Amino acid sequence: MTTLAKSLLVAAGLALGTLGAASAQEAENPLPPMEHWAFSGPFGTYDTAQLQRGYQVYRQVCSNCHAAKFMSFRNLAEPGGPEFSDSQVKALAATFKVQDGPDDSGNMYERPGRPSDPFPSPFANEQAARAANGGAYPPDMSTLAKARSFERGGLWFLLEPFSQYQNEGPDYIHALLNGYKDDPPAGFKLPDGKYYNEYFPGHAISMPPPLSDGLVDYTDGSPKTVAQYSKDIAAYLQWMAEPKLDQRKQTGFKAVIFLAVFAGLLFVLKHRIWAGVKDASGTAGAGSMPLMDPKPRV
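Everything quoted here is computed from the prediction, not taken from an experiment. All residue numbers refer to positions counted from 1 along the written sequence of the respective chain. Residue-level local features of this predicted model are given only where pLDDT is at least 70; pairs of side-chain atoms are given and counted only at 80 or more, and the full residue set underlies all totals for whole chains, interfaces and linings. Side-chain numbers here rest on the full set of heavy atoms in the structure, without hydrogens or water.

**A word on the overall build of the protein**
Basically, it comes down to this: Secondary structure is summarised from DSSP: a helix means a run of H or I of at least four residues, a strand means a run of E of at least two, and numbering begins at the N terminus for each. Between buried and exposed lies partly exposed: a residue is buried under 20% and exposed over 50% of the maximum accessible area for its type, with that area taken using a 1.4 Å probe on protein chains only. Contacts are assigned to residue pairs that have any heavy atoms within 4.5 Å of one another. Each accessible area is a Shrake-Rupley result for a 1.4 Å probe, and residues are judged covered by the shown protein chains and nothing else.
Counting secondary structure elements, the protein contains 9 helices and 4 strands. In the protein, the succession of α and β elements from N to C terminus is α-α-α-β-β-α-α-α-α-β-β-α-α. Buried positions account for 31% of the 298 residues belonging to the protein. Of all intrachain contacts in the protein linking residues separated by at least 6 positions in sequence, the fraction that spans at least 24 positions is 59%. Accessible surface, the protein: about 18,500 Å² in total, of which carbon and sulfur atoms supply 59%.

Written out as structure tokens, the structure is:
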């Protein structure tokens, strides 16, 4: 057997072994389905209406346990985001209570939020958060969509650079919110105080199912279902983690156009400069290098 044949057999064995391992891992921990997102791909942008619905879900459900310390209320009015008006942002900020002070007497006090305030944490500190959640610490949601990811295994690492797939975070969040099961599979021992989730690593999650049909009252006619809520909040969390995505893509697109035009101008300029230079045969050769005189000149 030739060396090439042996190499091909080894490569085939490794590929089959990788696929088998990926299949076994998927059976143990199923991969989140790949959802369609408005911001996917090089030309995708955020859906403003979806982000506004996502903020509504965050405000009424998620903000009761999760902080978002890297976001300020004024970000809600920026281009490429939910794009609430200034008056809406002021009204939304005022629904939160923010600790301020000290006052003239040296005491801290609470006041309504302002657009310049960061999103307040629902708990004073980590210990208070754990005490209110059975020992679990709710993660900050500012960068949650970027912090959560997964590997598809197999040969996906070869395809992902061409597919431009970068939505592991929102896909995982959407799947997790829809992955709660009332009855664990046979043989699975669920610890006390935990909930079974099909997509959570280890399947035992401390957070109870946060969403239910009809929980959030949409006013734009969108379905009031868990599937819709989870899609909207996942998109909103993606925006919080990458609020400048639209601007980044626009800048990148302009840069590509500039580089293409610049390369074309350099190509034309090069041919114009070298158009009159003759090669060794005496024929004008556009782009050919001039012959160097091997003898030093005195």
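After presenting the structure, the write-up continues.
**Points about the packing of helix 2 (residues 48–60) against helix 8 (residues 226–241)**
The cut-off we apply is this: Note on geometry: axes are C-alpha line fits, over the in-contact stretch for helices, and angles between N-to-C directions span 0 to 180 degrees. For classification purposes, an angle smaller than 35 degrees is called roughly parallel, one larger than 145 roughly antiparallel, one from 65 to 115 roughly perpendicular, and anything else oblique. For this scheme, ten residues count as nonpolar: Ala, Val, Leu, Ile, Met, Phe, Trp, Tyr, Cys and Pro. Four count as charged, namely Asp, Glu, Lys and Arg, and the remainder, Gly too, count as polar.
One way to put it is that helix 2 packs onto helix 8 with a least axis distance of 7 Å and a crossing angle of 100°. In terms of their interaxial angle, helix 2 and helix 8 are classed as roughly perpendicular. Contacts between helix 2 and helix 8 involve Q50, L51, R53, G54, Y55, V57 and Y58 from the former and Q228, Y229, K231, D232, I233, A235, Y236 and W239 from the latter. Its residues placed into classes, the contact of helix 2 with helix 8 shows 9 nonpolar, 3 polar and 3 charged.

**Concerning unusual backbone geometry**
In the segment running from G101 into P102, the intervening peptide bond is cis, with an omega of 5°. Tracing the backbone shows P102 in the loop between strand 1 (97–100) and strand 2 (109–112). The phi dihedral of E83 is positive, around 55°, even though this residue is not glycine.

**Description of a nonpolar patch on the surface**
Here is the rule: Like charges are joined within 9 Å and nonpolar side chains (Val, Leu, Ile, Met, Phe, Trp, Tyr) within 5 Å, but only among residues with over 30% relative accessible area and no salt bridge; these make up the patches. Basic side-chain nitrogens of Lys or Arg form a salt bridge, by our definition, when they fall within 4 Å of a carboxyl oxygen of Asp or Glu.
A surface patch of nonpolar side chains, about 620 Å² in accessible area, is lined by F258, L259, F262, L266, L269 and I273. Along the chain, F258 falls in helix 9 (residues 245–274).

**Here's the deal with helix 8**
As a reminder of what qualifies: The span one expects for a helix is its residue count, reduced by one, times 1.5 Å.
Given a rise of 1.5 Å per residue, 16 residues ought to cover 22 Å, and the 22 Å separating the end C-alpha atoms of helix 8 matches this to within 8%. The buried count for helix 8 comes to 15 of 16 residues, which makes it a mostly enclosed element.

**Remarks on the layout of surface pockets**
So the rule is basically this: The distinction between a cavity and a pocket rests on a 1 Å grid over the protein atoms alone: a 1.4 Å probe fits inside a cavity but cannot get out, while a pocket stays open yet meets protein on both sides within 12 Å along at least five of seven lines, and a residue with an atom within 4 Å of a point counts as lining. Grid points are joined across faces, edges and corners, and a volume is the space filled by probe spheres set on the points.
A volume near 680 Å³ is recorded for the largest pocket. As for the largest pocket, its lining consists of 30 residues, and the residues nearest its centre are H66, P139, L176, I205 and M207. Every element with two or more residues in the lining of the largest pocket is listed here: helix 7 (168–177), strand 4 (204–205) and helix 8. Estimates place the volume of the second largest pocket at around 290 Å³. Around the second largest pocket sit F96, K97, V98, Q99, E110, D117, P118, P120, S121, P122, F123 and A124, which together line it. In terms of residues, the lining of the second largest pocket owes the most to one element, strand 1, which gives 3 residues. For the lining of the second largest pocket, the class distribution of residues is 7 nonpolar, 2 polar and 3 charged.

**A word on the packing of aromatic side chains**
Basically, it comes down to this: For this analysis, a ring pair means two rings from Phe, Tyr or Trp (six-membered ring only for Trp) whose centres lie within 6.5 Å, classed as stacked if their planes differ by under 30 degrees, edge-to-face if by over 60, and tilted for the remaining angles. The criterion for a charge sitting over a ring is simple: Lys NZ or Arg CZ within 6 Å of the ring centre, and within 35 degrees of the ring normal.
Enumeration according to the criterion identifies 15 aromatic pairs in this entry. A ring pair is formed by Y55 and Y58, whose centres lie 6.4 Å apart and whose planes are at 40°; its orientation type is tilted. Of the two residues, Y55 and Y58 both sit in helix 2, 3 residues apart, roughly one turn of that helix. Y58 carries the same exposure label as Y55, and that label is buried. Aromatic rings pair up to connect Y55, Y58, F73, F84, F96, F119, Y236 and W239 into one cluster. The ring of W37 has K231 sitting right over it, with the charged end atom 5.0 Å from the ring centre.

**Some thoughts on the nonpolar core**
In plain terms, the rule: The criterion is simple. A nonpolar core is a set of buried Ala, Val, Leu, Ile, Met, Phe, Trp, Tyr and Cys residues joined through side-chain atoms within 4.5 Å.
Ranked by internal contacts, the top residues of the largest apolar core, which has 37 residues, are Y55, Y58, L76, F119, Y236, L237 and M240. Where this core is concerned, the elements lending two or more residues are helix 2, helix 3 (86–94), helix 5 (144–147), helix 7 and helix 8. Among the elements that line this core, the one with the most residues is helix 8, at 10 residues. If sequence neighbours within four positions are ignored, M240 has contacts with A68, M71, F119, M141 and S142. Ranked by size, the runner-up nonpolar core spans 6 residues in total, among them F150, Y165, L176 and I205.

**Details of the pattern of salt bridges**
Here the structure, examined in full by the defined rule, presents 10 salt bridges. Here E242 ties to K146 by a salt bridge, and the two come within 2.9 Å at their closest N and O atoms. Placement of the pair is E242 in the loop between helix 8 and helix 9 and K146 in helix 5, with a sequence separation of 96 residues. Assessed through its relative accessible area of 46%, K146 is described here as partly exposed. When salt bridges with common partners are traced through the structure, they connect R53, D220 and D232 into a single cluster.

**Here we look at the packing of helix 7 against helix 8**
How we decide: Take the far helix as your reference; a near helix turned counterclockwise from it by less than a right angle gives a left-handed crossing, and one turned clockwise gives a right-handed crossing.
Viewed as axis vectors pointing N to C, helix 7 and helix 8 meet at an angle of 150°, and their least axial separation amounts to 9 Å. Comparing their axes, helix 8 and helix 7 come out roughly antiparallel. The hand of the helix 7/helix 8 crossing is right-handed. When helix 7 is examined against helix 8, the residues P170, I173, H174 and L177 are found in contact with a partner set consisting of V226, A227, S230, K231, I233, A234, L237 and Q238. Considering only residue class, the contact of helix 7 with helix 8 consists of 8 nonpolar, 3 polar and 1 charged.

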